[in-house]
Amino acid sequence: MAWISLFFLFFTLEAAELPRFLTKHSPETLRFISMDGRYAYVQKKPGVLGMVSSFRSLDFISEASSNDYLVRSSRFKQRLAIESIPNAHDEYNFLKNNRIMVVDFGNTTTRDVGFGRNSKLHLKDEWISYFNPVEKVLHIQNLVTQKKYDIRLSKKANPFFLPEVEMVSSSTVIYTDINENGYSALIAYDLISQKSNIIYRSPQSATRLEMCQQEGYLAVGEFPYEGVSRGSKILKFSGEMKGTSYTTLYSSVEQDLGNMVCLPEFIYFIKTMTQDKQINYRTTEAVRLNLKTQDIEIRSELKNVAQLLEMDGRVLIPLRGEFFVLEGKFNLGEDILKAVPTREELQLDL
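S.K.: Residues and numbers for the overall build of the protein, please.
M.R.: The helix and strand inventory of the protein stands at one helix and 27 strands. Residues counted as buried form 51% of the 350 residues belonging to the protein. Within the protein, counting contacts between residues at least 6 apart in sequence, those at least 24 apart form 43% of the total. Surface summary for the protein: the accessible area is close to 17400 Å², and the carbon and sulfur share equals 50%.

This is the structure we're talking about:
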């Protein structure tokens, strides 16, 4: 097993002031926007999801229960996964299932997939995964052949647990699970043989495993739960996942938040910069881990970063009703028509 110990952190550069994300849409209504700004999916009002493209708008989902919507993409840009959350502001139930749909990237014709939570697209967007928290079943579905697979997770005492899922091939699913003693594990499941094996087991309890993937590698982060005195680390597995060997890219005694975003050359995550355990206060910033040098670069100076969002390759920090841009274009507020409309745009004529 390859192992690189990092007993110290090497920080480079002072963080510059981050630009605010500028679009024609309110941050409260924006659910997804492409890197070039050509396609924007916005929630017009409770229960209504629309798409705006080249000065044209079409409301294509309308539900009566004041539903809220989550729109997720992948680096492959073939489809989008849409999660419809009923009574999002009235019914705070961590075990309820949401309606899950898919739509072609930049289009408005939806297709129902199933009911669950935490939907995610995989492998050129030909696959989708989602979790049923009531039955504790992870669903894997091929969107081309409609073939479905079910993976039953172990019984656990934590009702808020949602597994992390990545697919490294059309037959291998990597997912996270925890046992009744609170130890997390990374598990590889073979869809053909329906057999599983543990490829990483956490050496300490009360930590959660995160995953993010780019071409050529899979990153696994181990971060403590809130209020638990544990360290943090980030591991790198090869993209093919042949065997269980990995490299430790980062290790710290601090209780980092994690929330990793993988890019081809960097991994963004939220790091704890200072912490006063007596008054339970800490400052957190977005940092960037260089995959080649393993250096850490501080990328924000907001002191209270709690979440990172990846949207079509753009990395954002949502904070106090605004988005700050870590990576990607930040000014999409120009009124410029695209020269040649695509077939999907032509379908938006009302």
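S.K.: Give a description of the sheet that holds strand 16 (residues 195-201) that names residues and reports values.
M.R.: Pairing within the open sheet is antiparallel, and its four strands lie in the order 13-14-15-16. One side of each edge strand has no neighbouring strand; the edge strands of this open sheet are strand 13 (165-167) and strand 16. Within the sheet, the average angular offset between the axes of one strand and its neighbour, ignoring direction, is 25 degrees.

S.K.: I'd like to hear about unusual backbone geometry, residue by residue, with values.
M.R.: Backbone geometry at Lys124 places phi at a positive 60 degrees, although glycine is not the residue there. When you line up the elements, Lys124 lands in the loop between strand 9 (110-122) and strand 10 (127-132). A relative accessible area of 56% places Lys124 in the exposed class. Residues other than glycine seldom take positive phi values, yet Lys303 does so here, at roughly 70 degrees.

S.K.: I'd like to hear about the sheet that holds strand 20 (residues 247-252), residue by residue, with values.
M.R.: Taken in spatial order, the four strands of this open sheet run 17-18-19-20, and their pairing is antiparallel. Whereas interior strands pair on both sides, the edge strands pair on one side only; in this sheet they are strand 17 (207-214) and strand 20. Strand after strand, the sheet turns through a mean of 15 degrees between neighbouring axes, direction not considered.

S.K.: Tell me about the nonpolar core, and please be specific about residues and values.
M.R.: With 24 residues, the main nonpolar core has Phe21, Tyr41 and Ile82 as its most contacted residues. Secondary structure elements with two or more residues in this core: strand 2 (30-33), strand 3 (40-45), strand 4 (48-53), strand 5 (56-62), strand 6 (68-72), strand 7 (79-85), strand 8 (98-104) and strand 27 (322-327). The contacts of Ile82, once residues within four sequence positions are left out, are Leu49, Phe60, Ile61, Tyr69, Leu70, Val71, Arg99, Ile100, Met101, Val103 and Thr110.

S.K.: Report on the pairing of strand 5, specifying residues and quantitative values.
M.R.: As paired elements, strand 4 and strand 5 share six bridges and run antiparallel to each other. Directly across from Leu49, in strand 5, lies its bridge partner Ile61. The hairpin turn running from strand 4 into strand 5, its antiparallel successor, is two residues long, and Ser54 in that turn takes a positive phi close to 50 degrees.

S.K.: Run through a nonpolar patch on the surface, naming residues and quoting values.
M.R.: Judged by side-chain polarity, Phe94, Leu95, Val134 and Phe160 come together as a nonpolar surface patch covering roughly 410 Å² of accessible area. Within the secondary structure, Val134 is located in the loop between strand 10 and strand 11 (137-142).

S.K.: Which residues make up the pattern of salt bridges, and what values do they have?
M.R.: In the structure shown here, the tally under the stated rule is 17 salt bridges. Residue Arg20 pairs with Glu322 through a salt bridge whose shortest N-O separation is 2.8 Å. Placement of Arg20 in the loop between strand 1 (11-12) and strand 2 and of Glu322 in strand 27 is noted, with a sequence separation of 302 residues between them. Residues Arg38 and Asp36 are paired through a salt bridge, measuring 3.9 Å at the closest nitrogen-oxygen approach. Connected via shared salt-bridge partners are Arg288, Glu297, Arg299 and Glu327.

S.K.: Please set out the environment of Lys292 residue by residue, giving values where relevant.
M.R.: Structurally, Lys292 can be placed in the loop between strand 23 (281-290) and strand 24 (296-298). Between the alpha carbons of Lys292 and Leu249 there is a distance of 9.5 Å; along the sequence they are 43 residues apart.

S.K.: Talk me through the state of the cysteines; I want residue IDs and the actual numbers.
M.R.: In this structure the tally under the stated criterion is one disulfide. Linked covalently through their sulfurs, Cys212 and Cys262 form a disulfide whose S-S length is 1.9 Å. Given an S-S torsion of about 60 degrees, the disulfide between Cys212 and Cys262 has right-handed geometry. Linking Cys212 in strand 17 with Cys262 in strand 21 (residues 258-262), this pair joins segments that are 50 residues apart in sequence. Judged by relative accessible area, Cys262 falls into the buried class, the value being 7%.

S.K.: Now, about the environment of Val173: what can you tell me, with residues and values included?
M.R.: On the secondary structure map, Val173 appears in strand 14 (residues 172-178). Along the chain, Val173 and Tyr189 lie 16 residues apart, while their C-alpha atoms are 5.1 Å from each other.

S.K.: Describe the packing of aromatic side chains, and please don't skip the residues or the numbers.
M.R.: Taken as a whole and judged by the stated rule, the model has nine aromatic pairs. On the basis of an interplanar angle of 90 degrees and a centroid distance of 6.1 Å, the ring pair of Tyr39 and Phe105 is categorised as edge-to-face. Residue Tyr39 is found in the loop between strand 2 and strand 3, and its partner Phe105 is found in the loop between strand 8 and strand 9; the two are separated by 66 residues along the sequence. With a relative accessible area of 8%, Tyr39 lands in the buried category. Look at Phe237 and Tyr246: their rings are 5.3 Å apart centre to centre, the planes differ by 50 degrees, and that puts the pair in the tilted class. For the residue pair Phe237 and Tyr246, the accessibility class agrees, reading buried in each case.

S.K.: I'd like a rundown of the pairing of strand 14, residues and numbers included.
M.R.: Burial within strand 14 is extensive, with seven of its seven residues counted as buried. Neither face of strand 14 is exposed, since Thr172, Ile174, Thr176 and Ile178 on one face and Val173, Tyr175 and Asp177 on the opposite face are all buried. The antiparallel pairing of strand 13 with strand 14 creates a hairpin that spans four residues between the two strands.

Conventions adopted
- Residues numbered from 1 in each chain as written.
- Predicted model: local features only at pLDDT ≥ 70, side-chain atom pairs only at ≥ 80, totals over all residues.
- Heavy atoms only, no water.
- Helix = DSSP H or I, 4+ residues; strand = E, 2+ residues; numbered from the N terminus.
- Buried < 20%, exposed > 50% of the residue type's maximum accessible area, 1.4 Å probe, protein only.
- Contact = heavy atoms within 4.5 Å.
- Areas by Shrake-Rupley, 256 points an atom, 1.4 Å probe, with all protein chains shown as cover.
- Pairing = 2+ DSSP bridges.
- Axes fitted to C-alpha atoms, helices over the stretch in contact; angles between N-to-C directions.
- Core = buried A, V, L, I, M, F, W, Y, C linked by side-chain atoms within 4.5 Å.
- Patch = residues over 30% accessible without salt bridge, like charges linked within 9 Å, V, L, I, M, F, W, Y side chains within 5 Å.
- Salt bridge = Lys/Arg side-chain N within 4 Å of Asp/Glu carboxyl O.
- Disulfide = S-S within 2.5 Å.
- Phe/Tyr/Trp six-rings, centres within 6.5 Å; stacked < 30°, edge-to-face > 60°.

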